[in-house]
Every structure is written in C-alpha cells, then in structure tokens.
Amino acid sequence: MHPWLRRAREGAGLLLIMASTLAVAAPSFDPPPTPARPVVDAVHGVKLTDLYRWLEDGKSSEVQVWTKRQHEATLAWLEANAPPVAGLHDELAAYFDRDITQPPFFKKGREFFYRTRKGEEQAKVYTRLDGRELLLFDPIALDPSGKSSVGAFVLNRDASRAAVATYSRGSEITDYRVIDTRTGEQTGPLLPGIEAFHWARDERYAFVTPRTKESIERQEPHRCYRHRLGDDPKNDELLIAMTDAKDWCSVYEPEEAEVTVFETGDFYSNTIRIRPVGSSAEPRTIYTSKQFRASADFRKDRIYFITNDHAPNFKLMAASYGTPEFDRWQVLWPEQETVLDGVDVTSDWLLIRDKKDVLTRVWVHDLAGKRVRDLPLPELGNVSASAYDIDKNVVYATLSTFTAPGRLYQIDGKTLAWSLLWEDKPPLDTSQIESKLVFYPSKDGTRVPMFLSHRKGLKQDGSNPVFLRGYGGFNVGIGPDYVRSWATFINRGGVLANAGIRGGDEYGERWHDAAKFANKQNSFDDFIAAAEWLVREKYTARERLMLGGGSNGGLLIGAMLTQRPDLFTAALCAVPLLDMLRFHKFLIARFWIAEYGDPDKAEDFAYLLRYSPYHNIREGVSFPPTLVTAGEYDSRVDPLHAKKFVAAVQNHVGQLDPFLLYMDFDSGHGYGKAKEQVIRDREYELRFIFSQLKMR
C-alpha cells in the first residue's frame with residue numbers, strides 16, 4: 001500500500017465524523033444515477049480501476065443525456081437552496097449589459113476599438129475614419145444567436161486591411177476573414193480552422209497555423225504554412241512540421257525588420273531562427289534551448305530579447321542583425337532581485353518594468369542600457385499591458401487597480417509625459433472598498449503574497465464571509481485587478497482573497513519551478529496555509545470560508561477537496577483539470593506535460609498519482625458542498641474531467657453534501673459567451689456562494 005494511501009485511510013475515520021456532524025442539516029440532493037463500468041489498467045506496475053471512463057466520450061448520446069440530467073438536477077437544487085439575492089440580478093445586468101467601449105488601439109494614425117451596446121450579445125469592431133465612427137465587423141450578423149465572437153483582429157502594415165478571427169460557443173477554434181478597413185467588406189474567401197494568422201511582408205501571402213476541432217481531438221502536431229491569399233489552402237507551402245503535439249511552431253515577418261522568423265518550442269523553451277525576407281536559404285539559428293526561452297522584439301536596427309536563460313528573474317539583452325547569435329548578445333538589464341516584467345523601446349529610451357512583491361515599477365534607461373531615473377505611475381496600480389506605436393512614438397500603457405477598471409494612458413516617447421487616453425466608468429459602487437497586500441508563511445516557511453479586498457472598516461472578529469481563490473501554475477500570477485462583479489459580493493460584507501501561491505510568476509522562474517512537476521504539492525500547501533492564516537488572523541472561520549479556482553485553479557480546488565476538506569465550508573471548481581493520469585490524452589493537453597510531467601513516464605506517474613484528485617477520493621469522507629462548472633465546447637480542458645470527478649464523488653461511500661455539475665452547453669473555457677449567458681451563469685455562481693456563506 002502506498003504511504004499516502006495509508007495516511008489517508010488512517011485519517012478518514014476522524015474526518016468522516018467531522019463531515020457527518022457538519023452535514024447533518026445539509027439540503028438533500030438526489031442526482032441522477034451514474035452506473036459504474038470498471039476499466040482496469042496496469043500502469044507502471046500499478047493496477048488502476050476507472051469506474052467512469054465511459055463519461056470521457058462526450059459524443060455518446062448516453063453521456064449527453066446524463067450530462068443534461070445532472071445539469072437539470074443542479075438547477076433544481078440551486079432554485080430550492082440558493083434563492084435569488086435581492087438586487088443581485090439588476091446589479092449584474094447593469095454591469096454586463098450596457099454600452100461598453102473597450103480601449104482603442106492604433107496603427108498608421110487609424111483608431112480601432114471594440115464596442116458592445118446595451119442589448120447586444122457580442123462586441124463589434126469599429127474604426128474612426130474621416131472624423132466619423134464606422135462599423136467594420138459585426139459577429140451578430142454572422143450568427144444572430146449571439147454565440148459567435150471576435151477572437152482576433154490582425155491589421156496589415158498600413159492598416160488598410162485586417163484579418164478577423166471568429167469562433168463559436170467559446171470553442172476557440174477560429175475562422176479568419178480578410179476585410180477592407182475602410183468599408184468593412186470581406187476580400188477573398190473564408191479561411192476556416194486557422195489558429196494563427198501573420199501577414200507576410202508582401203501581403204499577398206500570410207503565414208498560418210491550421211487548427212480544427214478534429215485535429216485537436218486527434219492531438220495532431222502543429223504545422224506552419226505559407227498561404228497565398230485567395231488561393232485554395234490545399235496549395236499552401238509547408239514550412240514547419242512538428243512531430244509531437246506538445247510542441248508548437250510559428251512563422252512571421254516583423255514589420256520593422258527585413259527577416260522571416262521561424263520559432264519552435266514547447267510550453268517553456270524555444271528555438272528562434274531567421275533568414276532574409278524572400279530568401280529560400282536555410283534559416284540561421286540565433287537562439288535554441290530545451291530548458292530556457294527567449295522572446296524577441298525585432299526592431300529596425302536591433303533585436304531585443306527578454307530571456308530566463310540562466311536568469312530565473314529574467315534579463316534584457318540585445319543583438320545586431322550582423323551577429324545575432326546568442327553568444328554575441330549584449331546584456332542591457334542584468335538579472336536582479338526583482339522580476340523583469342516587460343520593456344518598451346521608444347525613439348530615445350528603454351522603459352523597463354520590474355515587479356517587486358507583485359507590484360510593478362517603471363525605470364527609464366538610455367538605449368545603451370544605462371539607468372537614468374524611475375518613471376512614477378500617474379496613480380496607484382500596476383502596468384498590466386503596454387504597446388509601442390512607432391508612428392506616433394508613444395507607448396500605450398494600461399493601469400490596473402482594484403477599485404477602478406483599467407485606464408489606458410499614453411506615454412510620450414521623448415518627454416515620457418503620461419496622459420489619460422481612455423477609461424471605463426461601470427455602474428458599480430467601489431467607494432467603500434479597499435484592498436491591501438499581505439504576506440503569510442506557508443508550510444515550509446516560504447513567504448507568500450495575498451491580496452485582500454473588503455469594505456472599509458472591516459472587523460477581524462472571525463465572522464466575515466471570505467472567498468479565497470488561487471491558480472498557482474503556468475507562470476500566471478496575481479496583481480492589482482479590478483473587482484468587477486465581485487463588487488456585489490464585497491459590498492454585501494464579503495472578503496475577496498487572492499493568494500499568489502507558488503507556480504505563478506510572482507517571484508520569477510524560481511517561484512514557478514517551485515510548483516512544477518514533482519513540486520506541485522507546494523502550490524497546494526501554499527493555498528492551505530492561506531486558508532489557515534485567514535482563520536488564524538480572524539478574518540473568518542471555517543464555516544464562513546469558501547474556496548474557488550478555475551482551469552489549473554480547478555485542479556487546485558480538486559486537491560483541496562481531496563486533501564483538506566476540513567478547511568472550508570464550500571467550493572467553486574470551474575473548468576477543472578482533475579484526472580492527472582490521463583490528462584495528456586485529450587485536446588491540447590500534451591502542451592501541459594512541460595508543467596505537470598508525463599504520466600507515461602514511471603517517475604512522473606508516481607507523483608501525479610499522489611495528488612490526482614480523481615484518484616484520491618477517500619471513502620467515508622463527505623466533501624463540502626461544491627459547484628463544479630464546465631463548458632461542453634471547451635477546446636482546452638475537456639469537460640470529461642468535471643463529469644468523471646462529479647460522478648465519482650456523488651457515488652463514493654460517505655458523500656452527504658451536494659456535489660453539483662453545472663454545464664454550459666453553449667460555451668467553452670469561459671470565453672466568448674453571449675451577454676445573457678454571462679449574466680445567468682454569474683448569478684448562479686454568486687447565489688451559490690451567498691447561500692453557502694449565509695449572506696443576503
């Protein structure tokens with residue numbers, strides 16, 4: 001018997017008593033039955049019994065009927081036990097269903113923007129032309145159901161044309177159309193099933209990466225082609241053919257540099273090769289690594305690189321086109337104690353961003369790399385995104401704060417003066433909300449950051465309802481971020497906690513590596529410590545603490561359910577990854593082997609088995625009430641994870657509390673939902689949260 005299994009069984013008795021005591025008054029939930037159909041595998045010398053593998057077949061009519069019945073049972077339970085909250089629907093509708101103009105973007109003096117008007121289900125693309133607004137692209141005209149969205153808008157060099165990507169039902173499988181940006185008219189035939197589109201320098205061609213529902217399901221490796229616009233894709237020229245679906249490729253021609261760039265890699269390492277535009281010579285390798293990565297910005301006379309090559313906190317380097325190989329790169333910003341977060345190169349300056357304790361700062365350097373001074377932000381917040389406009393010689397920078405939505409500023413490329421260009425003013429009251437950054441010790445003593453947002457004057461008396469969320473993977477970290485619809489939760493007395501657990505980018509590559517592969521338990525331990533700290537510091541009590549996370553964060557919640565169900569009173573588990581022994585067999589998940597490991601390797605299998613939520617459900621332990629959400633059209637995380645896990649929990653011995661499956665039948669990983677669907681789904685989530693935390 002595995003030691004981890006022995007410990008689990010030894011502790012199951014006490015936890016069963018605790019769970020049974022707490023669940024006596026829990027509202028009953030009678031889900032539709034799920035038959036167990038055992039499939040036994042012998043993997044690396046371990047026999048595994050999978051009772052619900054039949055739920056992996058989402059095309060099966062039996063699985064589809066089961067899924068709909070589960071969803072219907074969930075809706076019935078929510079209607080009976082999570083009643084409507086006074087004013088909640090109106091607040092959500094006022095926030096989501098209103099006239100919204102998103103931050104503009106510019107090219108060659110042209111302004112473009114996305115706008116959604118009240119009552120419209122999706123955003124449309126507009127431009128300003130000769131002093132007037134012009135509608136360029138309307139996805140609702142393509143799909144009156146409102147289930148199709150704009151996925152990308154790729155302008156050509158002079159902004160006279162754009163390649164527009166659309167996708168349906170959140171699938172992220174995109175079709176491209178080329179349009180004239182003065183008239184909005186489509187030029188040329190549809191390009192279906194294209195994941196990426198890059199204009200070639202002559203603009204008669206484009207570099208494309210095909211990706212269809214069928215190729216994703218078959219886990220076909222990436223291929224990159226040169227496509228002649230207007231021609232049959234069957235005639236495309238193959239440029240790169242990867243051999244493993246965990247690897248990717250990309251071909252593009254930068255607008256300033258006279259080179260064609262060929263990139264390949266896995267999730268965290270890459271190779272960059274270049275050759276002169278129009279040449280058929282073998283591309284020249286300027287960077288290659290199986291361990292590190294470099295991102296390149298090809299400017300007219302120089303190439304700038306941000307890389308973690310032997311620099312976990314990243315460094316900024318530069319090279320000439322004459323000697324572009326890695327061993328000739330010049331260091332402009334050496335690795336420092338803080339994390340390099342980004343750089344914008346203007347006509348006169350390098351504007352370098354770093355992060356200190358997850359908050360960004362901006363430094364001004366001359367083009368040789370010498371520091372000149374700092375560049376104070378115009379308000380308290382983080383620079384969450386930036387882009388340089390070479391024609392105007394300005395940097396567009398988005399500032400994020402907790403109590404105001406992102407504001408778009410313009411930084412003059414010479415004087416470095418800030419000016420406010422755009423801001424959103426949503427109808428949410430954040431005047432009584434405050435946020436702060438705190439730190440807490442994890443199990444091994446590691447200092448972990450966490451943001452708390454709550455009403456002013458909060459009393460730390462152990463009675464506050466707290467929603468603790470986390471992610472902890474793929475270099476995705478926390479930072480100041482507008483509370484959005486969470487304002488409705490906070491204004492009713494809730495505390496929103498966001499823990500910067502290991503696996504993210506809060507403290508560079510070391511922080512990320514500390515929760516990769518066999519170290520994944522560190523992210524779980526950090527999250528457990530966050531929950532314990534919130535109780536210890538009297539922000540809340542176990543009975544008023546709820547956990548939530550999505551995608552990799554859904555895996556986090558699955559681990560919390562199987563490892564520490566005693567810590568919290570309920571959970572929200574969204575689009576989760578839960579079967580860690582078979583994750584790599586579905587959709588695009590082979591990409592994530594670089595994060596989690598390969599279950600086909602005995603060493604990786606051993607540690608994945610220790611924490612895989614689907615394989616660590618303990619008999620006799622009732623998990624807290626949990627709402628598991630998934631999208632039927634998810635092309636990232638297959639909804640089979642949610643379905644199998646829900647079935648296993650509902651049917652294991654000792655489960656007393658409701659374990660609910662909420663399916664989005666017209667969406668995917670959470671993207672591209674129609675506005676009505678967004679409001680409906682969010683209201684159900686908040687109703688569940690309010691009911692479990694005893695809020696009104």
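Rules used in this analysis
- Residues numbered from 1 in each chain as written.
- Predicted model: local features only at pLDDT ≥ 70, side-chain atom pairs only at ≥ 80, totals over all residues.
- Heavy atoms only, no water.
- Helix = DSSP H or I, 4+ residues; strand = E, 2+ residues; numbered from the N terminus.
- Rg over C-alpha atoms; globule rule 2.2 N^0.38 Å.
- Buried < 20%, exposed > 50% of the residue type's maximum accessible area, 1.4 Å probe, protein only.
- Contact = heavy atoms within 4.5 Å.
- 1 Å grid on protein atoms, 1.4 Å probe; cavity = no way out; pocket = protein on both sides within 12 Å on 5 of 7 lines; lining within 4 Å.
- Points joined across faces, edges and corners; volume = space filled by probe spheres on them.
- Nonpolar A, V, L, I, M, F, W, Y, C, P; charged D, E, K, R; others polar.
- Pairing = 2+ DSSP bridges.
- Axes fitted to C-alpha atoms, helices over the stretch in contact; angles between N-to-C directions.
- Core = buried A, V, L, I, M, F, W, Y, C linked by side-chain atoms within 4.5 Å.
- Parallel < 35°, antiparallel > 145°, perpendicular 65-115°, else oblique.
- Polar contact = N/O pair within 3.5 Å; in protein donor to acceptor, adjacent residues only side chain to side chain.
- pLDDT = per-residue confidence, 0-100.

*Asks:* Describe the overall build of the protein chain, listing the residues and the values that go with them.
*Replies:* When helices and strands are tallied, the protein chain shows 13 helices and 38 strands. Relative to its length of 696 residues, the protein chain is compact, with a C-alpha radius of gyration of 26 Å against a globular reference of 26 Å. By its C-alpha atoms, the protein chain is 70 × 55 × 50 Å across when sized along the principal axes. By residue count, 57% of the 696 residues in the protein chain fall in the buried class. A separation of at least 24 residues holds for 56% of the contacts in the protein chain among residues at least 6 apart in sequence.

*Asks:* Quick one: what's the story with the layout of surface pockets, residue by residue and with numbers?
*Replies:* Empty space among the atoms can be located by rolling a probe the size of a water molecule over them. By volume, the second largest pocket is sized at about 870 Å³. Taken together, 36 residues line the second largest pocket, and the ones lying closest to its centre are K213, E217, E632, Y633 and D634. For the lining of the second largest pocket, the secondary structure elements donating two or more residues are α2 (61-81), β9 (161-168), β10 (175-180) and α5 (213-217). Tallied by class, the residues present in the lining of the second largest pocket amount to 11 nonpolar, 10 polar and 15 charged.

*Asks:* Could you give an account of the environment of A245, with specific residues and numbers?
*Replies:* As for its placement among the helices and strands, A245 is situated in the loop between β14 (237-241) and β15 (248-252). Looking at A245, the relative accessible area reads 9%, which means it is buried. Remark: the alpha-carbon pair of A245 and H222, spanning 23 residues in sequence, is separated by 6.6 Å. Discounting chain neighbours no more than four positions away, the residues touching A245 are Q219, E220, P221, R590 and F591.

*Asks:* Run through the sheet that holds strand β26 (residues 371-374), naming residues and quoting values.
*Replies:* Strand order in the open sheet formed by four strands is β23-β24-β25-β26, and the pairing between neighbours is antiparallel. Whereas interior strands pair on both sides, the edge strands pair on one side only; in this sheet they are β23 (339-345) and β26. Within the sheet, the average angular offset between the axes of one strand and its neighbour, ignoring direction, is 30°. Summarising the sheet, strand β24 (residues 349-356) and strand β25 (residues 359-366) pair through eight bridges and their orientation is antiparallel.

*Asks:* Describe empty space enclosed by the protein, and please don't skip the residues or the numbers.
*Replies:* Applying the stated rule across the entire model yields three cavities of 30 Å³ or more. When its volume is computed, the largest cavity comes out at roughly 70 Å³. Lining the largest cavity are F402, F451, S453, R469, G479, D481, V483, L496 and N498. For the lining of the largest cavity, the elements supplying multiple residues, two or more each, are β32 (447-455) and β34 (495-499). When grouped by side-chain class, the residues that make up the lining of the largest cavity number four nonpolar, three polar and two charged.

*Asks:* So what's going on with the nonpolar core? Residues and values would help.
*Replies:* Within the largest apolar cluster, 78 residues are counted, with the highest numbers of intra-cluster contacts made by M450, L468, L534, W592 and Y596. It is helix α8 (residues 521-536) that provides the largest number of residues to this core, a total of eight residues. Apart from the residues lying within four places of it in its own chain, the contact partners of Y596 are F474, F517, K520, N552, L555, L577, M580, F583, Y607, L608 and Y611. The next biggest cluster of nonpolar side chains, apart from the first, holds 37 residues, and it includes F29, F451, F489 and Y662.

*Asks:* Explain the pairing of strand β17 (residues 270-276) to me, and be specific about the residues and the numbers.
*Replies:* Counted residue by residue, β17 has six buried out of seven residues, so it is predominantly covered. The sheet contact formed by strand β16 (residues 259-265) and β17 spans seven bridges and is antiparallel. Paired with E263 across the bridge in β17 is I272. Here β16 folds back onto β17, and the loop between the two strands holds four residues. Pairing between β17 and strand β18 (residues 284-288): four bridges, direction antiparallel. Its bridge partner being in β18, I274 is matched across the sheet by R284.

*Asks:* I'd like to hear about the packing of α8 against helix α9 (residues 552-563), residue by residue, with values.
*Replies:* In the contact formed by α8 and α9, the axes pass within 10 Å of each other and the chain directions differ by 70°. Looking at the two axes, α8 sits roughly perpendicular to α9. Between α8, through Q521, S523, F524, F527 and I528, and α9, the contact on the second element is made entirely by L555, L556, I557, A559, M560 and Q563. Split into classes, the residues belonging to the contact of α8 with α9 amount to eight nonpolar, three polar and no charged.

*Asks:* An account of the side chain of E253 is needed here, citing residue identities and associated values.
*Replies:* Considering the arrangement of structural elements, one finds E253 in the loop between β15 and β16. At 2.5 Å, the side chain of E253 forms a polar contact with the backbone nitrogen of R201. At 2.6 Å, the side chain of E253 forms a polar contact with the side chain of T260. Discounting residues that sit within four places of it in the chain, E253 has contacts with W199, A200, R201, F207, V259, T260 and V277.

*Asks:* Explain unusual backbone geometry to me, using residue names and the numbers behind them.
*Replies:* Phi at K108 is positive, roughly 50°, even though this residue is not glycine. One can find K108 in the loop between β4 (105-107) and β5 (110-116). The backbone of D130 shows a phi angle near 55°, a positive value even though the residue is not glycine. By relative accessible area, which is 64% here, D130 ends up exposed.

*Asks:* Just give me the short version of the confidence of the model for the protein chain, but keep the residues and values in it.
*Replies:* With 96% of its residues at a pLDDT of at least 70, the protein chain reaches an overall mean of 95. No element of the protein chain has a lower mean pLDDT than helix α1 (residues 3-23), at 34, and none a higher one than strand β33 (residues 466-469), at 99. The model gives residues 1-25 a pLDDT under 50, and that stretch makes 23 contacts with residues more than four places away or in other chains.

*Asks:* Can you break down the sheet that holds strand β28 (residues 394-400) residue by residue, with the values?
*Replies:* If you trace the four strands from one edge of the open sheet to the other, you get β27-β28-β29-β30, paired in antiparallel fashion. Whereas interior strands pair on both sides, the edge strands pair on one side only; in this sheet they are β27 (382-389) and β30 (418-423). Averaged over all neighbouring strand pairs, the angle between strand axes comes to 25°, with direction disregarded. Examined bridge by bridge, β27 and β28 share seven bridges and lie antiparallel to one another. Following the sheet pairing, N382 is matched in β28 by S400.

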